[in-house]
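Coordinate inspection notes
Here is how the chains run, residue by residue.
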Amino acid sequence: MPALQTSVYPLWGIWKIEEGWEELLALSERPEVYLPFLNGSKSDSRKAEWLAVRMLLRELTGSETRIAYRASGAPYLPDTPYHISISHTKGYAAVLLHPDCPPGIDLEYRSERIRKLKQRFLTGPELHLLDGNPGTDELLICWSAKETAFKMTGKRIADWRKDLHILACDFSGNDGFLTVRETLTPQSATYRIRYSVAPDFVLTRFP
């Protein structure tokens, strides 16, 4: 079952993956559908993440819904009117659905490794906006917010420094917002992305 609360609008949830992939497969009403992927994957953790996404989607929608993928790698639901975004990190999977527009969701497991990567995804002005020396949580939120914005563009690749821009942020608590602009599409959309900090991970989502 999803470990954290689910929301009705937008429809989303998080599954804490405590089961092995065999247990998750046993939850399915039609396990034979998933065998081609499972037989082709050698990683047990990858199998569990993949199945957890599908069991969470069933929990949210009430039925086992087929997930397909565009050429860019973006997921979509060919048999429902919903737009979908998917994320998974160590021990957790998340799904966000929206009836009207492409959503975005991202989970990032808490790790100090992000400190070594900050120059790769943040520009000088962005670091200045973060007071020059952001903590681990702030860095993870920024990375995750850019990932969420990227997912909403539907593009295959992006440069985190050149194509995704943090314009404003508020890190006063465990829940807040960042403003991120993407310059990958002609629309150059700006998003107010929500973040939450949990003991094991940070989460960002839009809407």
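How each quantity is defined
- Residues numbered from 1 in each chain as written.
- Predicted model: local features only at pLDDT ≥ 70, side-chain atom pairs only at ≥ 80, totals over all residues.
- Heavy atoms only, no water.
- 1 Å grid on protein atoms, 1.4 Å probe; cavity = no way out; pocket = protein on both sides within 12 Å on 5 of 7 lines; lining within 4 Å.
- Points joined across faces, edges and corners; volume = space filled by probe spheres on them.
- Helix = DSSP H or I, 4+ residues; strand = E, 2+ residues; numbered from the N terminus.
- Nonpolar A, V, L, I, M, F, W, Y, C, P; charged D, E, K, R; others polar.
- Buried < 20%, exposed > 50% of the residue type's maximum accessible area, 1.4 Å probe, protein only.
- Arc of directions from axis to C-beta.
- Contact = heavy atoms within 4.5 Å.
- pLDDT = per-residue confidence, 0-100.
- Pairing = 2+ DSSP bridges.
- Axes fitted to C-alpha atoms, helices over the stretch in contact; angles between N-to-C directions.

Further remarks concern the layout of surface pockets. Taken as a whole, the largest pocket spans an internal volume of roughly 720 Å³. Along the walls of the largest pocket sit 33 residues, with Gly73, Ala74, Pro75, Ile84 and Lys151 positioned nearest its centre. When contributions to the lining of the largest pocket are tallied by element, the ones reaching two or more residues are α3 (44-61), β3 (75-76), β4 (83-89), β6 (104-109) and α6 (136-153). At six residues, the largest contribution of residues to the lining of the largest pocket is made by β4. Among the residues making up the lining of the largest pocket, the classes are represented as 15 nonpolar, nine polar and nine charged.

Moving on: helix α4 (residues 114-121). Within α4, burial applies to Ile114, Leu117, Lys118 and Phe121. In an axial view of α4, the angular spread of the buried residues amounts to 140°, which keeps them on one side of the axis. Looking at the buried positions of α4, the neighbouring elements they touch are α5 (124-129) and α6.

Before going further, it helps to examine the confidence of the model for the protein chain. For the protein chain, per-residue confidence averages 94 on the pLDDT scale, and residues scoring 70 or more make up 98% of the total. Confidence, expressed as mean pLDDT per element, reaches its minimum in the protein chain at strand β1 (residues 11-16) with 94 and its maximum at β6 with 98.

One open sheet holds the five strands; their spatial order is β6-β10-β9-β8-β7, and the pairing between them is antiparallel. Looking at strand neighbours, the two that pair on one side only are β6 and β7 (164-169), the edges of this open sheet. Across this sheet, the average inter-strand angle for adjacent strands is 25°, counted without regard to direction. Bridge analysis of strand β8 (residues 175-182) against strand β9 (residues 190-197) gives seven bridges, and the strand direction is antiparallel. Note on β9: the bridge partner recorded for Phe177 is Arg194.

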